[in-house]
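Residues per chain are reported as follows:
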Amino acid sequence: MAGLDALLGDPERNAALAWLLVAAAVFAMVESALSDEPVWAGFIGVAVVVLVLPSLVVRDPSVTLPWEVIALAVLPALARTFGPESLANAATHLGVAALALALVVELSAFTSAELAPWFAVVLVAMTTMAAAGTWAVVQFHADQWLGTNYIRSQDGLMWDLVAATASGVVAGGLFELYFRRRASVDARAPDALGGGK
């Protein structure tokens, strides 16, 4: 267990794992674009930008989100892109929730904002709901303009939004249980970004 703690707490290893996962997401984005899935490729592209935002803002590739957060955001993209079609909906919901989780972790770890644990959970859930609503609007317009068939029925859309909300609540719970109690996010963020709080 000490070896695992050393791996998770080492900023250089964290950055290496983070960039490896981001590269996998870029690969999934390119594959989705080549597979005539422009909307999904666009979603992965937005996720990649969110995931690398700390490095872009600071202009330091060693400043990254915890690799665990990036893995949560990337694995649904990989599952949807390369997995069986039966995983597509679940992967989408998890991807939206993971993206919301990444945004809240960035806010908490890389700014001076201090979030009460209950508020962080609510913020992750609300951000997930907002992202799911935006995703539904994007899918609707893709169906209208690109001739895709993402939204098959109103009932299906409503259940997708319910599932995304449930995923957001679970992601918020993960934020509270893991990142507040176990992960050393502050150790991975420089003092100038709020890591020294």
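Residues numbered from 1 in each chain as written. Predicted model: local features only at pLDDT ≥ 70, side-chain atom pairs only at ≥ 80, totals over all residues. Heavy atoms only, no water.

Take the overall build of the chain next. Helix and strand counts for the chain stand at 8 helices and 0 strands. In sequence order, the chain lays out its α and β elements as α-α-α-α-α-α-α-α. Taken over 197 residues, the chain has a buried fraction of 42%. Total accessible area computed for the chain in this model is approximately 10300 Å², and 68% of it derives from carbon and sulfur atoms. (Helix = DSSP H or I, 4+ residues; strand = E, 2+ residues; numbered from the N terminus. Buried < 20%, exposed > 50% of the residue type's maximum accessible area, 1.4 Å probe, protein only. Areas by Shrake-Rupley, 256 points an atom, 1.4 Å probe, with all protein chains shown as cover.)

Turning our attention to the nonpolar core. Counting residues in hydrophobic clusters, the biggest one holds 42 residues, and the most contacted among them are Ile44, Leu51, Leu65 and Ile70. Residue assignment for this core shows that the elements contributing at least two residues are α2 (11-34), α3 (38-58), α4 (67-82), α5 (88-110), α6 (117-145) and α7 (154-179). If you tally residues by element for this core, the top one is α5, at 10 residues. (Core = buried A, V, L, I, M, F, W, Y, C linked by side-chain atoms within 4.5 Å.)

A separate point is the confidence of the model for the chain. Predicted confidence across the chain gives a mean pLDDT of 80, with 85% of residues reaching 70 or more. For the chain, per-element mean pLDDT is lowest for helix α1 (residues 2-9), which scores 42, and highest for α2, which scores 92. This model gives residues 1-8 a pLDDT under 50, and the stretch forms 8 contacts once residues within four places in sequence are excluded. Here residues 184-188 scores under 50 on pLDDT; set against residues more than four positions off or in separate chains, the count is 14 contacts. (pLDDT = per-residue confidence, 0-100. Contact = heavy atoms within 4.5 Å.)

Glancing now at the packing of aromatic side chains. Enumeration according to the criterion identifies 5 aromatic pairs in this entry. Both rings, one in Trp40 and one in Trp135, keep their centres 5.9 Å apart while their planes meet at 70 degrees; by these two values the pair is edge-to-face. With Trp40 in helix α3 and Trp135 in helix α6, this pair connects stretches of sequence that are 95 residues apart. By relative accessible area, which is 2% here, Trp40 ends up buried. With a relative accessible area of 9%, Trp135 lands in the buried category. Measuring from centroid to centroid gives 5.9 Å for Trp118 and Phe119, while their planes differ by 85 degrees, and the two rings are edge-to-face. (Phe/Tyr/Trp six-rings, centres within 6.5 Å; stacked < 30°, edge-to-face > 60°.)

Positive phi, close to 60 degrees, is recorded for Asp36, a residue that is not glycine. One can find Asp36 in the loop between α2 and α3.

In this section: a nonpolar patch on the surface. On the surface, a nonpolar cluster with roughly 520 Å² of combined accessible area is contributed by Trp118, Phe119, Val122, Met126 and Met129. Among the structural elements, Met126 can be located in helix α6. (Patch = residues over 30% accessible without salt bridge, like charges linked within 9 Å, V, L, I, M, F, W, Y side chains within 5 Å. Salt bridge = Lys/Arg side-chain N within 4 Å of Asp/Glu carboxyl O.)

A separate point is the pattern of salt bridges. Throughout the structure, instances matching the rule amount to 1 salt bridge. Two residues, Glu37 and Arg80, come together in a salt bridge whose shortest N-O distance is 3.9 Å. Remark: Arg80 occurs in helix α4 and Glu37 occurs in the loop between α2 and α3; sequence separation between them is 43 residues.

What follows deals with the environment of Ala71. Inspection of the secondary structure puts Ala71 in helix α4. Assessed through its relative accessible area of 11%, Ala71 is described here as buried. Put simply, Ala71 and Leu20 are 51 residues apart on the chain and 9.8 Å apart in space, counted from C-alpha to C-alpha. The residues contacting Ala71, other than those within four sequence positions of it, are Leu21 and Pro76.

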